[in-house]
Amino acid sequence: ERRINTILRCQAMLRSAITLSSQKKYKEALAITEKAIPLFPDTLPTPSVCPLFCQIYYRRAIARLQGLTESSEAVIEKKRETVKTANEDFGKALHYDPAFALAWFGRGELFQDLDKYAEAVSAYETAIHYGHKNPVHIYYQLAILYRKLEKTDKAISCANKVLELDPNHKDAKVELFATRVQQNPELLRNP
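Below, the structure is looked at part by part. Once a new chain begins, its residue numbering starts again from 1 and follows that chain's sequence as written. pLDDT decides what is reported in this predicted model: residues at 70 or higher carry local features, side-chain atom pairs at 80 or more are listed and counted, and totals for whole chains, interfaces and linings draw on all residues regardless. Just so you know, side-chain values use all the structure's heavy atoms and leave hydrogens and water out.

## Focus on the nonpolar core
For the purposes of this section, nonpolar cores are sets of buried Ala, Val, Leu, Ile, Met, Phe, Trp, Tyr and Cys residues that join through side-chain atoms within 4.5 Å. Three exposure classes are used, based on accessible area relative to the maximum for each residue type with a 1.4 Å probe and protein chains only: buried under 20%, partly exposed in between, and exposed over 50%. Ile56, Phe90, Phe100, Tyr124 and Leu142 are the most contacted members of the largest nonpolar core, which totals 53 residues. Strands are runs of DSSP state E lasting at least two residues, helices are runs of H or I lasting at least four, and both sets are numbered from the N terminus onward. Here this core takes nine residues from helix 7 (residues 135–148), the largest share from any one element.

## Notes on the environment of Lys25
Secondary-structure assignment places Lys25 in the loop between helix 1 (2–22) and helix 2 (26–36). Given a relative accessible area of 38%, Lys25 falls into the partly exposed group. It is 9.3 Å that separates the C-alpha atoms of Lys25 and Gln66, two residues lying 41 residues apart in sequence.

## Digging into unusual backbone geometry
At Asp115, a residue that is not glycine, the phi angle is positive and equals roughly 60°. Residue position: Asp115 is located in the loop between helix 5 (101–113) and helix 6 (117–129). By relative accessible area, which is 52% here, Asp115 ends up exposed. One non-glycine residue, Glu150, lies in the positive phi region at around 60°. By the element assignment, Glu150 lies in the loop between helix 7 and helix 8 (152–165).

## Description of the packing of aromatic side chains
Between 30 and 60 degrees the pair is tilted, below 30 it is stacked and above 60 it is edge-to-face, where a pair is any two Phe, Tyr or Trp rings, Trp via its six-membered ring, whose centres lie within 6.5 Å. Under the counting rule described, the total for this entry stands at two aromatic pairs. Taking the centre distance of 5.9 Å and the plane angle of 20° together, the rings of Tyr57 and Tyr96 count as stacked. Note that Tyr57 is positioned in helix 3 (residues 50–66) and Tyr96 in helix 4 (residues 76–96), a separation of 39 residues in sequence.

## Notes on the pattern of salt bridges
The salt bridge criterion pairs a side-chain nitrogen of Lys or Arg with a carboxyl oxygen of Asp or Glu, the two atoms within 4 Å. Applying the stated criterion across every chain yields a total of two salt bridges. With a shortest N-O distance of 2.4 Å, Glu175 and Arg147 are connected by a salt bridge. Here Glu175 is found in helix 9 (residues 170–183), whereas its partner Arg147 is found in helix 7, with 28 residues between them in sequence. Measuring nitrogen to oxygen at the nearest pair gives 3.4 Å for the salt bridge that ties Glu164 to Lys161.

The following block contains the structure:
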């Protein structure tokens with residue numbers, strides 16, 4: 001019965017953190033997830049509880065990252081530490097469920113923001129492999145990353161995949177053109 005009460009309490013805390021994040025109250029969302037984490041046992045939870053653990057670690061990572069709004073020099077070191085701990089939270093979520101596509105996606109965004117393009121590509125591709133619910137956005141991000149990595153054939157393939165899934169995706173059309181120009185600068189010259 002104690003275990004069931006703990007699970008119910010964690011589920012309520014998770015719902016509260018999600019609600020607070022949607023209201024842009026990131027510090028409050030982070031505080032709730034911080035209270036939920038110590039309720040977890042140090043050992044791997046049972047399979048029925050794993051999704052809850054993954055979601056709480058994921059939400060804590062997102063709350064950390066969304067709370068990064070200041071840009072003064074005084075907070076740069078704090079931001080670095082926050083990014084590091086957010087990445088650790090994604091890792092903990094993936095420890096409990098290596099197939100948690102949302103955590104792979106979050107990790108991909110984190111790496112992309114840090115200009116770690118190869119790591120971002122790997123994380124995004126893993127998110128797609130595990131069935132992320134928004135592959136259009138991921139393929140679009142992959143198109144951008146592959147262009148930056150000068151892997152233009154893969155970039156074109158990803159942009160085409162976006163247009164296959166969403167033929168009206170204007171940004172993918174622009175990305176496809178930019179990649180083709182990168183491949184062949186002559187496309188910009190007038191005849």
